[in-house]
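In case you want the letters, here they are:
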Amino acid sequence: MNTRDTGIDAARQAEVVAALARALPASSVLFQEEDTRPYECDGLTAYRERPMVVALPENEAEVQAVLRVCSALAVPVIPRGAGTGLSGGALPSRRGVLLSLARMKRILALDPIARIARVQPGVRNLAISEAAAPYGLYYAPDPSSQIACSIGGNVAENAGGVHCLKYGLTVHNVMRVRGVTIAGEVVELGSEALDAPGFDLLAAVVGSEGMLAVVTEVTVRLVPKPELARCILASFDDVEQAGNAVAAVIAAGIIPAGLEMMDRPATRAVEEFVHAGYDLEAAAILLAEADGTPEEVAEDLARMKAVLEHSGARNIRVSRDEAERLRFWAGRKAAFPAVGRISPDYVCMDGTIPRKRLAEMLRAIARLEQKYGLRCPNVFHAGDGNLHPLILFDANDPDQLRRTEQFVAEVLELSVAFGGTVTGEHGVGIEKINQMCVQFSPAELECFRGVKRAFDPDGLLNPEKNIPSLHRCAEYGKMHVQGGKLPHPELPRF
């Protein structure tokens, strides 16, 4: 386990606790080790650091108060949602305050006529759809962690889900964000109207990983539930055939509601856990969903079946009813916990590549499994080329952790080389910060820093995440051998 030095400056802690105690109720300021230890990591459990203080505001005014205290004392602030993030974006600092929005979990308004909901950041993703269901509406982005993840965290990471191919990521479904800057100033970005005046700062804040402002309220777009949805489960004897079939579906002009891929190791892990009815002999399966009116669904299913058969699918099943459709998707959404049952630890990666290169990437991942001696089941938001390889390892073995980090780095850097990006929906956090040096030039990174300084001149909001320093990039460059194949084995702070 890569647990960084947790030594906390007791005098500094006492100073910060005293200042926060004047702004919040005593029960909202945690500093004893047994109270702060549960916050030492997010879903990237390989890296941990106990926060100096945890603040638990219950409303926007308390968020303002916390940020003003931290700004005055020059204390770093790490915003945190439900802690389900997978890139270390909510990793605390022993010198800072972890600002948890978990208590801000009210749905403030739901307008079925305008098809919008206004919610606090701690509201669970799925809770929005549950509240909208009586009106025949739902919130479309559906991360696999939707039963637990919060909308504030979704905004921070620009989360997606299995239906993002047709319905878009968080940025396409959020209309307005209200937040607080490090100086305690309330800002509103976006609008409930079709457009908002000025620069599109809403798009800048969505996916900014808590580095620009702390979200206190979000207005999301709701969409009507489709009249009908049916899901195809297609089996392939060859992983590359399945990857090529994904590109063929999109090339045919079909936009499925969801298009997901899983290889045999992933399906076998899932089937033991969920019993979704997957073909365990297939080298890979595709889940392709059609939704809309019955006529639209029938047409899309027929077209997709024809493409999949032509692409080499050896077996095609169509969900017979809603229960079977949900069971197909339950298996895909349970991939992460299912893999957790067969390995002490795993890293769920998140790169994005052009769809036409899926087969090439799968071959590369198979070679890396041999190179590093680690297993790697694969699940993909295949329709938009978003990779989620799951590298299995034991964090108690330092060498396995080192090899895992190298494996991760190679896949991410291959994603860039293939014309893609180092992240699709999980964010950069600390996991991918070195690969930001590979994807972007020093000039581009300086532009990112300029945006950060405009919101947070002193760099106190979620520091040392997302945007690497020039020094870090220089050091990372030195650690690559000629040809750029040797990634740095750890994640030090430069």
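Before any of the text, the structure's been laid out above.
Residues numbered from 1 in each chain as written. Predicted model: local features only at pLDDT ≥ 70, side-chain atom pairs only at ≥ 80, totals over all residues. Heavy atoms only, no water.

Draft legend 1. Spotlight on the environment of Ala183. Looking at where Ala183 falls in the secondary structure, it is placed in the loop between β10 (174–180) and β11 (186–190). Judged by relative accessible area, Ala183 falls into the exposed class, the value being 53%. Separated by 24 residues in the primary sequence, Ala183 and Ala159 place their C-alpha atoms 27 Å from one another. When sequence neighbours within four positions are dropped, the list of residues in contact with Ala183 reads Arg68 and Ser71. (Helix = DSSP H or I, 4+ residues; strand = E, 2+ residues; numbered from the N terminus. Buried < 20%, exposed > 50% of the residue type's maximum accessible area, 1.4 Å probe, protein only. Contact = heavy atoms within 4.5 Å.)

Draft legend 2. Structural view of the side chain of Asn386. Mapped onto the elements, Asn386 comes out in strand β21 (residues 386–393). At 3.1 Å, the side chain of Asn386 forms a polar contact with the backbone oxygen of Gly351. (Polar contact = N/O pair within 3.5 Å; in protein donor to acceptor, adjacent residues only side chain to side chain.)

Draft legend 3. Representation of the sheet that holds β10 in the model. On the basis of which strands lie adjacent, the open sheet formed by 5 strands has the order β7-β8-β12-β10-β11 and antiparallel pairing. Each edge of the open sheet carries a strand with a single partner, namely β7 (107–111) and β11. Adjacent strand axes in the sheet meet at a mean angle of 10°, parallel and antiparallel pairs treated alike. Lying on the sheet, helix α3 (residues 60–73) is in contact with β10, β11 and β12 (214–221); it crosses β10 at an angle near 50°. Where helix α4 (residues 125–132) meets the sheet, it contacts β7, β8 (116–119) and β12, and its direction lies at approximately 45° from that of β7. (Pairing = 2+ DSSP bridges. Axes fitted to C-alpha atoms, helices over the stretch in contact; angles between N-to-C directions.)

Draft legend 4. Representation of the packing of aromatic side chains within the structure. On inspection of all chains with the given rule, the structure shows 3 aromatic pairs. Taking the centre distance of 6.3 Å and the plane angle of 75° together, the rings of Tyr138 and Tyr167 count as edge-to-face. Remark: Tyr167 occurs in helix α6 (residues 164–167) and Tyr138 occurs in strand β9 (residues 137–138); sequence separation between them is 29 residues. (Phe/Tyr/Trp six-rings, centres within 6.5 Å; stacked < 30°, edge-to-face > 60°.)

Draft legend 5. Quick look at helix α1 (residues 10–21). Helix length check: α1 (12 residues) gives 16 Å between terminal C-alpha atoms against 16 Å at 1.5 Å per residue, within 8%. For α1, the secondary structure elements touched by its buried residues are β2 (29–30), β4 (53–55), α3 and β6 (97–100). Looking at where α1 begins, the residue whose side-chain oxygen comes 3.1 Å from the main-chain nitrogen of Ala11 is Asp9. (Expected span 1.5 Å × (residues − 1).)

Draft legend 6. The arrangement of helix α10 (residues 294–310) in detail. Helix length check: α10, at 17 residues, gives a terminal C-alpha distance of 24 Å against a target of 24 Å (1.5 Å per residue), a fit within 8%. Elements that come into contact with the buried residues of α10 comprise β14 (228–236), α8 (239–251), β16 (284–292) and β17 (315–318). Backbone geometry just downstream of α10 places Gly312 in the positive-phi region, at approximately 105°.

Draft legend 7. Examining the nonpolar core more closely. Phe236, Met261, Leu286, Met304, Leu308, Met361 and Phe407 are the most contacted members of the largest nonpolar core, which totals 63 residues. Sequence-distant contacts of Met361, defined by excluding residues within four places in its chain, comprise Ile353, Leu387, Val411, Leu414, Ser415 and Phe418. Core analysis: the next-biggest nonpolar cluster, separate from the first, contains 26 residues, Ala19, Val53, Val77 and Val180 among them. (Core = buried A, V, L, I, M, F, W, Y, C linked by side-chain atoms within 4.5 Å.)

The analysis is restricted to geometry; functional conclusions fall outside its scope.
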